[in-house]
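Chain by chain, the residues run as shown.
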Amino acid sequence: MFALRRTIGILGMASLLMVPALAGLEPRDIFATTGQMEFSSIPPLPDGWRLLEQSSNLDCRASLDTTTASQGRSSLKVYCPIAPQYTTWAIRNLILVGQNGLKVGDHLQLSADVKTGEMQNATVLLQIRSADAQGNTLSSAETAITASNSSWQTYRLQIDVPEGSVWVSVGIRVRFGKGGGWCTFWVDNMLLNNGEQVERPAPARRVIRTFTYFRMHPDVYETARRFDIVTLHPVNWLAVRALRYYNPNIEVYAYFNGPATSSTLDGQWDALDYAFVNANHPEWFLSDSTGKRLTEKDYPQNYLVDIGNVELQRRWASRAIAIAKQFGFTGVYIDNMVRNYLSLQAVSPIQYPSEAAYQTAMGMFLQAVSAQIKQAGLKVLANFGYVWADDDPPYNEWMRYVDGALAENWVRSYWGGSYRFYSSFDKYLRAVNVLTKHGNVAYLAQGRAVEAETLTQRFLLASALLNADAHTYFHTANAGYTENAHYLPDYELSLGTPVETYTLIAGDTASGGVLRRRWSQGLVLVNAHMTRSFTVPLDSQYIDANGILYPPGMVELPPLSALILAKAGDKMQITVSMTPSTAKPGDTVSVEVTAKNLSAETLQQITLRLPIPNSLSYVVGSATQGGVFDAVSGIMTWTVPSLAPGALVTLSFRAVVR
């Protein structure tokens, strides 16, 4: 049996703060293509679709047709003139279980609008099936279309996703019978939904802004809702438009390796194209004194190139621009722009006899390609690799060329197979202070911590918040980026705006202590001492992201720990109840939250946050009043525009007991 633990917090927010406007619910689009045949980033098929089968001697042509559509700007047109008998043409869109909301147990509903032209001895098939790891069909459904119909018709198919399913494929197939034939047809507004309703993120930015690498986030919707800057590796480039659909303010960047070209990456994904360089400009490759071409230490398929070459710079920039525009990116991400890159790679190219010479070439490259990219109306992000400051050239110069820079190892780094904090308080402060050295350039501060190290992640985030401003974005990741990126509930706290610089309130400047920074609606405390705990005062009542209240008084901070707190209002009365009050696994319960204004004034923009225990599984779309549930943090959030004196508001959602 289960009883709801009453842990509820309320954050009173000033009306001047940016509170996202709440949007309505919409069906989860498992295709992540917004249901339309709108884009063909890799012509001729729409994004997400691939040719699965085409019989020999069959001429079947597919393209996006902007002259007719059931919705949006275009539809997929398929034209097969004079097809031989018993021939087949088929395309499919494949989704892995565990991606974009697709999971075992889902009841899937496929809908599509189809219009047919002249059909001669042809059958158009819409198909959906789930399969196991070996490709064996576990469930399937199809519908056949044989007649001509000049108006749009909607077709629907349904399947369940049984245990053992690894992927689900949706197919469009045309088949010709004896004697051959021909056909023309159009497909549009194709949606795959599992019955879930999702809250589309409002076009507004968070107080605490984040960035990430999308290759670690299989759910497009959740990524769009949680992150403000996303860098996409080529395998995920087709997700860019879906991300921008769900979050219009998100910035999405196409990943490119600056100093190298890959021999295993398809040329269309590479800013230089290894095959082109190998065939036409072998002199662009860097080599050692024996003439051997040099590669990146951990990536032997990545061949280092002469980024100081002007012609190479022009090709790199023009291709990066073309690709970014083709897929709909905000801008270009340039990896490995690191001041000590040659020593990190343990290479000694004959073209660059010193690190300083290569730094000069890297600066020339960054200046040249950034200028071209910006002139094309795109933004530039660069990975500067390590902590840097005014006394750490050549970053002072390089920062002038880019719109944003990433410092990968920040406050805590990964060296020699282990994580390490800076050994001195002075070095820690140097890392914190660098956040104010960038001017108006976005600073992407990345901390290193594995998923289990929640307290360390909070320490890293709080360290960034000590000196964060409107240009700071934060992210944590483990070494190698092999796990999912870590998303803390603290990211959702509405701290307001900073009202002071950080201050040392306990300890000393030699060995470290507790640093405090006040925000208009919150407080950040960081104990940066390596070994000593401190007890420090709280001036009023605060609440953390997990709904835990901190009353006025003293609070203890262990070594290398932090608290990120928002002001807790004392003018509200909160009650939480569950119906039925006790339940067993599998039961559906209703959770109700009532908030009453006990003050004599109207409260504006109230944010209510309710941590939901792991023993409850939220029913997607069941929250009233625009409630938003974060599946990662397990917190339900409501925003109440206003509440008059003595008035109360009742909010609720449904959940299934695990």
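Above this note sits the structure.
Rules used in this analysis
Residues numbered from 1 in each chain as written. Predicted model: local features only at pLDDT ≥ 70, side-chain atom pairs only at ≥ 80, totals over all residues. Heavy atoms only, no water. Pairing = 2+ DSSP bridges. Helix = DSSP H or I, 4+ residues; strand = E, 2+ residues; numbered from the N terminus. Axes fitted to C-alpha atoms, helices over the stretch in contact; angles between N-to-C directions. Expected span 1.5 Å × (residues − 1). Buried < 20%, exposed > 50% of the residue type's maximum accessible area, 1.4 Å probe, protein only. Contact = heavy atoms within 4.5 Å. Patch = residues over 30% accessible without salt bridge, like charges linked within 9 Å, V, L, I, M, F, W, Y side chains within 5 Å. Areas by Shrake-Rupley, 256 points an atom, 1.4 Å probe, with all protein chains shown as cover. Salt bridge = Lys/Arg side-chain N within 4 Å of Asp/Glu carboxyl O. Phe/Tyr/Trp six-rings, centres within 6.5 Å; stacked < 30°, edge-to-face > 60°. Core = buried A, V, L, I, M, F, W, Y, C linked by side-chain atoms within 4.5 Å.

A. Summary view of the sheet that holds strand β25 (residues 442–448). Spatially, eight strands are ordered β14-β15-β16-β20-β21-β22-β25-β26 in an open sheet, and the strand pairing comes out parallel. Here the strands that pair on one side only, and so sit at the sheet edges, are β14 (211–213) and β26 (472–477). Averaged over neighbouring strand pairs, the angle between their axes works out to 25 degrees when direction is ignored. Taken together, the four bridges between strand β22 (residues 404–407) and β25 define a ladder with parallel strand orientation. Along β25, the bridge assignment pairs Ala-405 with Tyr-443.

B. Highlighting helix α6 (residues 355–375). Along its 21 residues, α6 runs 30 Å from first to last C-alpha, staying within 8% of the 30 Å computed at 1.5 Å per residue. Among the residues of α6, Tyr-358, Ala-361, Met-362, Gly-363, Phe-365, Leu-366, Val-369, Ser-370 and Ile-373 are the ones counted as buried. Looking at the residues trailing α6, positive phi occurs at Gly-377, about 85 degrees.

C. Looking closely at the environment of Thr-184. By the secondary structure assignment, Thr-184 is in strand β12 (residues 181–193). Sequence separation between Thr-184 and Met-119 is 65 residues, and the spatial gap between their C-alpha atoms is 6.8 Å. Filtering out sequence-adjacent residues up to four positions away, Thr-184 remains in contact with Lys-77, Val-78, Tyr-79, Thr-116, Gly-117, Glu-118 and Met-119.

D. Up close: a nonpolar patch on the surface. A contiguous nonpolar patch, built from Leu-94, Leu-96 and Val-166 and spanning about 200 Å² of accessible area, is present on the exposed surface. Considering the arrangement of structural elements, one finds Leu-96 in strand β6 (residues 88–96). Judged by its relative accessible area of 37%, Leu-96 falls in the partly exposed class.

E. Broad picture of the packing of aromatic side chains. According to the stated counting rule, one finds 28 aromatic pairs in the structure shown. Ring centres 5.4 Å apart and planes at 80 degrees place the aromatic pair Tyr-352 and Tyr-358 in the edge-to-face group. Neither residue differs from the other here; Tyr-352 and Tyr-358 are each classed as buried. Relative to Phe-459, the ring of Tyr-428 has its centre 6.0 Å away and its plane inclined at 35 degrees; by these criteria the two rings are tilted.

F. Local environment of helix α9 (residues 454–465). Here α9 is twelve residues long and its end C-alpha atoms lie 16 Å apart, about the 16 Å a rise of 1.5 Å per residue gives. Burial runs high along α9: ten of the twelve residues are buried. Looking only at α9, the buried set comprises Thr-456, Gln-457, Arg-458, Phe-459, Leu-460, Leu-461, Ala-462, Ser-463, Ala-464 and Leu-465.

G. Focus on the nonpolar core. Ranked by internal contacts, the top residues of the largest apolar core, which has 108 residues, are Trp-316, Phe-384, Trp-410 and Tyr-428. Once you skip the residues sitting within four places of it in the chain, Tyr-428 turns out to touch Val-411, Tyr-422, Phe-459, Ser-463, Leu-466, Leu-515, Val-526 and Ala-528. Counting 40 residues, the second largest nonpolar core, distinct from the first, contains Phe-31, Trp-49, Ala-83 and Val-168.

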